[in-house]
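Observations on the model geometry
These are the residues of each chain, in order.
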Amino acid sequence: MKPWRHPYIRAGGVIVTLLVLAALLAPWISPFAPDAIRLEERYQPPSWNHWFGTDEMGRDVFSRVVHGTRISLGIGVSARTLGLLIGLVVGCVSGYYGGKTDLILQRFVDMTLAFPFLLLVISIAVIFSETEHDLLGVLIALSAVMWAGLARLMRSQVMVVKERDYVAAARAFGASDFRILVRHIIPTSYVPALIWWTMGLAQAIMAEAGLSFLGLGAQPPTPSWGSMINYGSPALRVAPWVSFFPGAALALTVLGFNLLGEGLRDVLDVRWSGRQAGEGT
Amino acid sequence: MGVYLLRRMLWMVPVLLGVVTITFFLGRLAPGDPALAMAGQRASQAQLERIRQQYGFDQPLLVQYGIYLKNVLRGDLGISYDSHRPVAEVILERFPYTLRLAAGAMAVAVVLGIAAGLLSALMPNTWIDRVAMVFSLLGISTPVFWLGLLLMYFFSIQLQWFPPSGYGDGSWIYLVLPAVALGTQSIAFLARMTRASMLEVLNEDYLRTARTKGAGGLCVIGKHAFANAIIPVVTIIGLDFASYLSGSVLTEKVFSWPGLGRHLVIAIEQRDYPVINGTVLFFCVIFIAVNLIVDWLYAVLDPRIRYET
């Protein structure tokens, strides 16, 4: 089946495209500045003027949700890409060189996978939360946790491919280890790595929101969906829209990437689950 | 199998050591004087000295690590900066609440998830199947803390069927909303897993044999298919239960549930590092232990698994 004919990929593709557009065009789409405080307009219900209402400081929730797309996608994509690089390097080195190197690196992989996911992210993010590098802390915490699955995947892939004849031929021609890995081995793993990357985006975005919901991660007034839900929750009775809309945006984003990842997995027929335990509790 | 389990248990040792090492260094990276924070502002010089000695804060880092290891093995996880009580005592006090929530969530997930999965598998490609699978994808994509707030808004603020949060007198009515919120992701995963597993088993030759030998529909499904299809499902149940026990942090925060997860959130807000690290360590031990039990259960359920490798 052609990828774009798959209903999941179509639906996921539409959602993700809209989100990327929202992130790129945020300053032009939002009618107000995300941090413009107007105390006389606090807790206004959704209206023509404020589509998603206003929050406890009279800020426009719609503008904040649109700007929040940048944080969510930005952190998700960069944490995932950083994790991809770490996983790629560890997996390749482990599978290619084998022996003691492999043994030691694999123990690190085991250890990372043995931790409950969110808990490990929390314990790393706590340290950064008191510095001004709050978002950097989230990025480091997420990528420090989300590389192990790919490292294991790449290791097994490399172990298979490195025995192939064309790799032996390349070596006979005097190609260096680095060249063999980059030109001949890594390109065979594009598909599983791509699916790994996409499936985990949803997880990374959810974890970022979870962290800022807990008060770690992005600090106010940064419009992160998780902290918007957190600060809106005490006013659930009088102003449910303050936490409803950022949560809906978050759920839609996660759904979009899940659809895309599942669709890709279906079409490319890879039987493998990217789920890590304890991710959303 | 005994050898396999023994090997798995031995394998836990380096992992646990890694966990302890990480929590130790995370604790040492924390700003401020830990002895002063543990003893409180009004502590006397003698009290401060005693704590410094007990936890080795005046020693070089490596010695401190040794003392920390020894203390952890004895169950001494330090003293809370906030309540000035032993961390281990607080953990044991809070854990039963987390256990109760986890059990509630799992019960909801097992009943609804397996029922939805079975229904889907027995009527594949009908509208029931499609609706169940769409809901399952929605369930996986909904963040637990947002779902919690939605449930709270509709079922306790609007309809007033359940209390909005807290533990109250411990009656089950306080448990319903948090358990549903926490269990939803598992409902979704269990439904998909049960469906996939059942569909796979239903196409097996031995089931056709059973049918041709005259076994009735319910017997085939219940005795032959379900018994085999349930095995991978049990693994999911076990793993999810392990992650519930190791911190339903977000859910407990939303519903002000007085478990260990909420305690961890409060400790994070107050930067109570001994509690943060002690709780993380405790959660990891529980997580790893439950995983081991799941492994063992897997072998009991499926005699084909012998764990020779």
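Residues numbered from 1 in each chain as written. Chains lettered and ligands numbered in written order. Predicted model: local features only at pLDDT ≥ 70, side-chain atom pairs only at ≥ 80, totals over all residues.

Concerning the overall build of chain A
Looking only at helices and strands, one finds 12 helices and zero strands in chain A. Helices and strands in chain A line up, N terminus first, as α-α-α-α-α-α-α-α-α-α-α-α. Considered along the principal axes of its C-alpha atoms, chain A spans approximately 75 × 45 × 30 Å. Taken across its 281 residues, chain A has 51% of its residues classed as buried. Contacts in chain A between residues at least 24 apart in sequence constitute 72% of all its contacts with a sequence separation of at least 6. (Helix = DSSP H or I, 4+ residues; strand = E, 2+ residues; numbered from the N terminus. Buried ≥ 20, exposed ≤ 12 C-beta atoms within 10 Å, placed from the backbone. Contact = placed C-beta atoms within 7 Å.)

Some details on the interface of chain A and chain B
Each side of the interface is counted separately: chain A has 35 residues, and chain B has 41 residues. Of all elements in the fold, only α4 (99–114), α5 (117–128), α10 (190–213) and α12 (241–268) of chain A reach the threshold of two or more residues within the side of chain A that touches chain B. The dominant element in the side of chain A that touches chain B, judged by the number of residues it contributes, is α12 of chain A, at seven residues. In terms of residue class, the side of chain A that touches chain B is built from 21 nonpolar, 10 polar and four charged. (Nonpolar A, V, L, I, M, F, W, Y, C, P; charged D, E, K, R; others polar.)

Let's talk about the nonpolar core
Among the nonpolar cores identified, the biggest contains 148 residues, and Val121, Ala125 and Leu142 of chain A together with Ala105 and Leu190 of chain B are the most heavily contacted of them. Tallying contributions element by element places α10 of chain A first for this core, with 13 residues. Once you skip the residues sitting within four places of it in the chain, Val121 of chain A turns out to touch Ala141, Leu142, Val145, Ala207 and Leu211 of chain A. Within the second largest apolar cluster, six residues are counted, among which are Val201, Ile221, Ala225 and Ala229 of chain B. (Core = buried A, V, L, I, M, F, W, Y, C linked by C-beta atoms within 7 Å.)

Let's talk about the packing of helix α3 (residues 61–97) of chain A against α12 of chain A
Helix-helix packing is characterised by the crossing angle of the two axes and by the distance between the axes. All names here are of chain A. Contact geometry of α3 with α12 gives a least axis separation of 10 Å together with a crossing angle of 35°. Every pair of crossing elements has a handedness; the one defined by α3 and α12 is right-handed. Across the interface between the two elements, Val61, Val65, Gly68 and Ser72 from α3 touch Trp241, Val242, Phe245, Pro246, Ala249 and Thr253 from α12. Class assignment of the residues belonging to the contact of α3 with α12 gives a composition of seven nonpolar, three polar and no charged. (Axes fitted to C-alpha atoms, helices over the stretch in contact; angles between N-to-C directions. Left-handed = near helix turned anticlockwise from the far one by under 90°.)

Some points on the confidence of the model for chain B
In this model, chain B carries an average pLDDT of 82, and 93% of its residues clear a pLDDT of 70 or more. With a pTM of 0.85, the predicted complex shows an ipTM of 0.84. (pLDDT = per-residue confidence, 0-100.)

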